[in-house]
Amino acid sequence: MKSLWFFDDVNLFKVLCPHKFKAYKVDHDFDSYRKKDYIYFEEDSANKVYLIEKGKVKIGYYNEDGSEIVKAILTRGELFGETAILGESKREEFAQSVDDSTSICPVGVETMHNLMRNNQTFSLKIYKLIGFKLRKLERRLQILLFKDAKTRLMEFLDELCSDYGYDCEKTGDKIIQHPYTQRDIASLIGTSRPTLNILLNELKEENVIEFGRKEIRIHKKTA
């Protein structure tokens, strides 16, 4: 499986991380976070972009009634806070560690702009990545607003299949090896963990899927 950081077989994480550049390495450290620590809050100054070296990060915001909306849960090798590149001055969401040992590589916006100015191909890849993520987010929010819980789950499984799935040569089933817990998935589709468990078991009884801790098998449809 190729993460979002791989376009045309180029590992953007290796290109971006300041540890790879002598000019930045001396004054640069990875930042460590424990579970539930915030990397930034809504309304914080947007002056950095972040790369996940290890762990998982939840991106979300709070409604007027105080309820939490989870926009994404990102894993190793992924980028967040990238709207700062486009000129965002204040954060419109929060970023929170959901692992006990999350390691983040922060990159200043000025450093990012310098890297982009010096490499047009790299710059195009960054903009392509941002556009892809924005389209994916827009689709997820539409699903949360207009679909019932079971439909949200099915569409999320389709998304997982695109990101992490492969075909089983023997059966034709889709095998999804993913990094999410059931709590993560419940947050991403806007439902409770007990409701998610009920829905997964319904799909299992209907012989649509089989699921384990980090693997989901979607059975090949037969006529």
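Residues numbered from 1 in each chain as written. Predicted model: local features only at pLDDT ≥ 70, side-chain atom pairs only at ≥ 80, totals over all residues. Heavy atoms only, no water.

As annotated in an unreviewed UniProt entry, the protein chain carries the name Crp/Fnr family transcriptional regulator and comes from Seonamhaeicola maritimus.

Trainee: Any details on a positive patch on the surface? Residues and values, ideally.
Mentor: Residues K35, K36, R183 and R193 make up a contiguous surface patch of positive charge. Summarising the element assignment, R193 is placed in helix 7 (residues 193-205). Here R193 falls in the partly exposed class, since its relative accessible area comes to 44%. (Patch = residues over 30% accessible without salt bridge, like charges linked within 9 Å, V, L, I, M, F, W, Y side chains within 5 Å. Areas by Shrake-Rupley, 256 points an atom, 1.4 Å probe, with all protein chains shown as cover. Salt bridge = Lys/Arg side-chain N within 4 Å of Asp/Glu carboxyl O. Lys, Arg positive; Asp, Glu negative; His and termini not counted. Charge placed at Lys NZ, Arg CZ, Asp CG, Glu CD. Helix = DSSP H or I, 4+ residues; strand = E, 2+ residues; numbered from the N terminus. Buried < 20%, exposed > 50% of the residue type's maximum accessible area, 1.4 Å probe, protein only.)

Trainee: Give a description of the sheet that holds strand 7 (residues 68-74) that names residues and reports values.
Mentor: The strand order 4-9-6-7 describes an open sheet built from four strands, whose pairing is antiparallel. Only two strands of the sheet have a single partner each, and these edge strands are strand 4 (38-40) and strand 7. Strand-to-strand twist across the sheet, computed as the mean angle between neighbouring axes with direction ignored, equals 30°. Sheet topology note: the strand 4/strand 9 (residues 94-97) ladder contains two bridges and is antiparallel. Bridge pairing links Y38 to Q96 in strand 9. Strand contacts of helix 4 (residues 120-146): strand 6 (57-62) and strand 7, with the helix running at about 140° to strand 7, the strand carrying the most contacts. (Pairing = 2+ DSSP bridges. Axes fitted to C-alpha atoms, helices over the stretch in contact; angles between N-to-C directions. Contact = heavy atoms within 4.5 Å.)

Trainee: Describe the packing of helix 3 (residues 109-117) against helix 4, naming the residues involved and giving the relevant values.
Mentor: Geometry of a packed helix pair, given as the angle between the helix axes and the separation of the axes. The N-to-C vectors of helix 3 and helix 4 enclose an angle of 125°; their axes lie 6 Å apart at closest approach. When the axis of helix 3 is compared with that of helix 4, the two are oblique. Here M112, L115 and M116 of helix 3 come into contact with helix 4, specifically with Q120, F122, S123, I126 and Y127. (Parallel < 35°, antiparallel > 145°, perpendicular 65-115°, else oblique.)

Trainee: Quick rundown of the environment of E78? Include the residues and the values.
Mentor: Positionally, E78 belongs in the loop between strand 7 and strand 8 (79-80). Separated by 28 residues in the primary sequence, E78 and Y50 place their C-alpha atoms 8.4 Å from one another. Here the side chain of E78 touches T75 through a polar contact of 3.0 Å, landing on its backbone nitrogen. (Polar contact = N/O pair within 3.5 Å; in protein donor to acceptor, adjacent residues only side chain to side chain.)

Trainee: Lay out unusual backbone geometry in plain terms, naming residues and giving numbers.
Mentor: Here K36, not a glycine, exhibits a phi torsion of approximately 75°, which is positive. With respect to the helices and strands, K36 occurs in the loop between strand 3 (31-33) and strand 4. Taking relative accessible area as the criterion, K36 reaches 61% and is therefore assigned exposed. We note that N207 has phi near 60°; this positive angle belongs to a residue other than glycine. Tracing the sequence through the fold places N207 in the loop between helix 7 and strand 13 (209-211). The exposure class assigned to N207 is exposed, which follows from its relative accessible area of 55%.

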